[in-house]
Amino acid sequence: MPETYAHPVHVRPAVLADGAALGELDRATWSTLHAVMPRPQPPYEPFFDERHRPEDLLVAEAEEDGGEPRLAGYVRLVPPTPLACNAHVRQIQGLAVAGWARGRGVARTLLRAAFAAARGDGANRMTLRVLGHNAPARALYEAEGFVVEGVLPGEFFLDGRYVDDVMMGRSLAP
């Protein structure tokens with residue numbers, strides 16, 4: 001049975017003006033559950049730079065308890081390499097959902113929009129990396145068709161313990 005949510009989620013391409021809100025979202029959702037970089041400290045770097053461009057992101061907007069629609073999350077989708085022989089692959093290199101928007105289907109909606117966008121760009125495969133201890137993310141990815149394709153055991157030392165780096169992938173064939 002399809003999931004239904006009280007407040008619809010709208011996905012659109014990111015624009016440069018989203019930078020400040022995306023930076024705030026990143027800082028608010030930072031956790032060793034998914035982040036391998038240290039917690040950001042002021043002064044904060046701009047969200048967008050040469051490597052992180054608005055055209056690489058889809059953003060989700062949703063209403064927070066009857067209010068106006070606002071930024072609820074994003075997914076960053078890029079070619080994994082600049083090689084022509086790898087141009088058929090897109091890689092998720094970031095997915096975040098605001099705390100108030102969790103449990104409303106925002107991440108699932110973003111993933112499905114990313115699949116459609118990647119197909120529209122001619123991709124037929126999608127990959128990602130997720131930390132081994134991030135059970136909620138892994139469950140979502142598996143529910144959306146990703147399978148584990150490799151594990152780098154103990155690749156990161158986070159919060160006093162070694163954590164696996166898990167590579168996942170899926171076909172984008174209809």
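One structure accompanies this document, and this report is about it. (Residues numbered from 1 in each chain as written. Predicted model: local features only at pLDDT ≥ 70, side-chain atom pairs only at ≥ 80, totals over all residues. Heavy atoms only, no water.)

Remarks on the overall build of the protein
Within the protein, the regular secondary structure consists of three helices and seven strands. For the protein, the sequential pattern of α-helices and β-strands runs β-α-β-β-β-α-β-α-β-β. In summary, the protein has a C-alpha radius of gyration of 16 Å against a globular reference of 16 Å for 174 residues, a match within 12%. With the C-alpha coordinates aligned to their principal axes, the bounding extent of the protein is approximately 45 × 40 × 35 Å. Considering the protein as a whole, with its 174 residues, one finds that 39% of them fall into the buried category. Put simply, 62% of the contacts in the protein that link residues at least 6 apart link residues at least 24 apart. (Helix = DSSP H or I, 4+ residues; strand = E, 2+ residues; numbered from the N terminus. Rg over C-alpha atoms; globule rule 2.2 N^0.38 Å. Buried < 20%, exposed > 50% of the residue type's maximum accessible area, 1.4 Å probe, protein only. Contact = heavy atoms within 4.5 Å.)

Section: the packing of aromatic side chains
Within this structure, the stated rule accounts for five aromatic pairs. Where Phe47 meets Tyr74, the ring centres are 5.6 Å apart and the plane angle is 75 degrees; that geometry is what we call edge-to-face. Of the two residues, Phe47 sits in the loop between helix H1 (19-29) and strand S2 (57-63) while Tyr74 sits in strand S3 (residues 69-78), which places them 27 residues apart along the sequence. Taken together, a centroid distance of 6.0 Å and an interplanar angle of 50 degrees make the contact between Phe115 and Phe146 tilted. You can see Phe115 sitting in helix H2 (residues 106-120) and its partner Phe146 sitting in the loop between helix H3 (135-143) and strand S6 (147-158), a full 31 residues away along the chain. In this pair, the class of Phe115 matches that of Phe146, namely buried. In textbook terms, an aromatic cluster arises when at least three aromatic residues are bridged by ring pairs, as seen for Phe47, Phe48 and Tyr74. (Phe/Tyr/Trp six-rings, centres within 6.5 Å; stacked < 30°, edge-to-face > 60°.)

Some details on the side chain of Asp165
As for its placement among the helices and strands, Asp165 is situated in strand S7 (residues 161-171). Ignoring any residue separated from it by four or fewer positions in sequence, one finds Asp165 in contact with Arg129, Val130, Gly150, Val151, Leu152, Glu155 and Phe156.

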